[in-house]
Amino acid sequence: MDLDKILEAVAEFVEPHRGKGKVADYIPALASVDPNKFGMAVATRDGTCHKIGDADECFSIQSISKVFTFSLALQKVGDTLWERVGREPSGSAFNSIVQLEHERGIPRNPLINAGAIVVTDHLIDNGDADATTEMLLGVLRDHAEDESIAIDMEVARSESETGARNRSLAHFMASFGNLDNDVETILSAYFRHCALALSCSQLARAALFLAFDGKDPVTRERIVTPQRCRRINAVMMTCGHYDNSGDFAFRIGLPGKSGVGGGVLVIAPGEGAIAVWSPGLNEAGTSTVGALALEALVEQTGWSVFG
Ligand code: DON
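In this numbering scheme, every chain counts its residues from 1 along its sequence in written order. With pLDDT at 70 or above as the cut-off, local features in this predicted model cover only qualifying residues; side-chain atom pairs require 80 or more to be listed or tallied, and sums for whole chains, interfaces and linings still use all residues. Hydrogens and water molecules were not included; the side-chain quantities draw on all heavy atoms of the structure.

Colleague: So what about the overall build of the protein? Which residues, and what values?
Modeller: Each helix and strand counted, the protein has twelve helices and eight strands in total. Taken along its principal axes, the extent of the C-alpha atoms in the protein is 55 × 40 × 35 Å. Put simply, the protein has 307 residues, and 60% of those count as buried. Contacts: residue pairs with any heavy atoms within 4.5 Å of one another. A sequence separation of at least 24 residues applies to 68% of the contacts in the protein between residues at least 6 apart. A helix here means a DSSP run of H or I that spans at least four residues, while a strand means a run of E at least two residues long, and both kinds are numbered starting from the N terminus. The cut-offs for exposure are 20% and 50% of the maximum accessible area for each residue type, with area from a 1.4 Å probe on protein chains only; residues under the lower value are buried, those over the upper are exposed, and the others partly exposed.

Here is the structure:
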């Protein structure tokens, strides 16, 4: 299969749609990103990264970081994770608070904001949010084999300054006793995780282990057990796009995770990891052009897990 040719065809297909969707502006530092950007990268078994467009430009990965924190928390605390967060799709927006009261402060899944806040809480030892953030940064640099990966502190600060909703979610969960660390400590890590800046190439490479049963196919490092890898992919498939998860599964048929920076990470089990970036979003916060590009890619590669 000639992935470079396929990527060229995908880029041609999305060209008339470039700039569609709405750039996230509830985090002020994200509002100034050029809506016409488009990049896509596919990392394969031997670590080769096929890419097109702005695939080497860094963008704010935002909620895509939730996949990595979720994997780390599963490895750290195992199945006890499920005592404090569920694994059902929410059918609600990423920052919704509506289910939390009925469900006594237990978020529906680790890929919505409330769930990722609980996951982050699990990753903090001795109240040290800086250490957790350094750890995550180190993990991403290792996985991507790229020491240049960094956090965009301007984005982190901007989100913290306008983070009333995430603070509400966190305090609400704290009121049910579902957080160990204090709210500001957890959020200081959570905001920095969301502000990680990666390119499509770095992101696809960093997530490659999820396409190969939890083991990096290049370095042979075991990152998560095969069973956990399967489950991370299952949660991405059912919950990775909030109230747009059904439509994403219908159109693309692969586990994925969106971020309001306009990135989407998708796992093609046994084939590779795909990252696409285009800042314009649909109503659920998934990249409009990114989803179109993924649809075209899956059409051409036949990689949907549904055949
Ligand atoms: O917490 C937030 O609202 C953002 N840092 C992340 C939200 C996000 O990326 C939603 N995804 N599509």
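Colleague: Please give an account of the nonpolar core that cites residues and values.
Modeller: In these notes, a set of buried Ala, Val, Leu, Ile, Met, Phe, Trp, Tyr and Cys residues joined through side-chain atoms within 4.5 Å is what counts as a nonpolar core. Judged by nonpolar contacts, the single largest core of 61 residues is most densely connected at Phe68, Leu196 and Leu203. When residues are assigned to domains, this core turns out to be shared by domain 1 (3-63 + 198-301) and domain 2 (64-194), each giving three or more. In contact with Phe68, not counting residues within four places along its chain, are Leu136, Leu140, Leu203, Ala206, Ala207, Phe209 and Leu265. In this structure, Val14, Ile52, Val266 and Val276 belong to the second largest nonpolar core, which totals 27 residues. An automatic or database domain assignment is the source of the domain bounds shown.

Colleague: Which residues make up the sheet that holds strand E6 (residues 256-258), and what are the values?
Modeller: Two strands in a sheet stick together by hydrogen bonds in their backbones, pointing the same way (parallel) or opposite ways (antiparallel). One open sheet holds the five strands; their spatial order is E2-E1-E8-E7-E6, and the pairing between them is antiparallel. Either end of the sheet is taken by a strand with one partner, and the two such strands are strand E2 (49-53) and E6. On average, adjacent strands in this sheet sit at an angle of 10 degrees to one another, irrespective of strand direction. With three bridges connecting them, E6 and strand E7 (residues 263-268) associate as antiparallel partners. Think of it this way: DSSP has to see at least two bridges between two strands before they count as a pair. Every angle, taken between N-to-C directions, lies between 0 and 180 degrees, and every axis is a line fitted to C-alpha atoms, over only the stretch in contact when it is a helix.

Colleague: Tell me about the domain arrangement of the protein, residues and numbers included.
Modeller: When the domains of the protein are assigned, the result is domain 1 (3-63 + 198-301) and domain 2 (64-194). A separation of 20 Å is found between the C-alpha centroids of domain 1 and domain 2. Contact with domain 1, which involves 40 residues of that partner, is made by 38 residues of domain 2. One side-chain nitrogen of Lys or Arg within 4 Å of one carboxyl oxygen of Asp or Glu is enough to make a salt bridge. Viewed at the interface, domain 2 and domain 1 are joined by one salt bridge. A salt bridge links Arg205 to Glu145, with the nearest nitrogen and oxygen atoms 3.1 Å apart. Of all the elements in the fold, those that place two or more residues in the side of domain 1 that touches domain 2 are helix H9 (200-206), helix H10 (226-239), E6 and E7. Sort the elements by how many residues they give to the side of domain 1 that touches domain 2 and H10 lands first, with seven residues.

Colleague: Now, about the sheet that holds strand E5 (residues 196-198): what can you tell me, with residues and values included?
Modeller: Strands sit in the order E3-E5-E4 across an open sheet of three strands; the sheet is antiparallel. Each of the sheet's edge strands pairs with one partner strand only, and the pair in question is strand E3 (59-60) and strand E4 (150-151). Note: E4 against E5, two bridges, orientation antiparallel. Bridge pairing in E5 links Ile151 to Leu196.

Colleague: Break down the site of the ligand for me, citing the residues and quoting the values.
Modeller: We define proximity as follows: a residue is near a molecule or strand when any one of its heavy atoms falls within 4 Å of that partner. Neighbouring the ligand are 15 residues; Tyr26, Gln62, Ser63, Glu159 and Tyr190 lie closest to it. Within the backbone of Val260, one N or O atom sits 2.8 Å away from an oxygen atom of the ligand. Each accessible area value is a Shrake-Rupley result obtained with a 1.4 Å probe; residue values ignore everything except the protein chains displayed when judging cover. Within the complex, 99% of the 340 Å² of free accessible area of the ligand lies under protein. The two domains that each donate at least three residues to the shell around the ligand are domain 1 (3-63 + 198-301) and domain 2 (64-194). Distance and chemistry together define a polar contact, namely a pair of N or O atoms within 3.5 Å, with one atom able to donate a hydrogen and the other to accept it when in protein, and with adjacent residues in sequence counting only for side-chain atoms on both sides.

Colleague: Hey, could you go over the pairing of strand E8 (residues 272-277) for me, with residue numbers and the actual values?
Modeller: In terms of residue burial, E8 counts as a mostly covered element, since six of its six residues are buried. Every second residue of E8 is oriented toward a common face, with Gly272, Ile274 and Val276 on one face and Ala273, Ala275 and Trp277 on the other, all of them buried. Sheet topology note: the strand E1 (residues 39-44)/E8 ladder contains six bridges and is antiparallel. What sits directly across from Met40, in E8, is Val276. Bridging between E7 and E8 involves six bridges; their strand directions are antiparallel.

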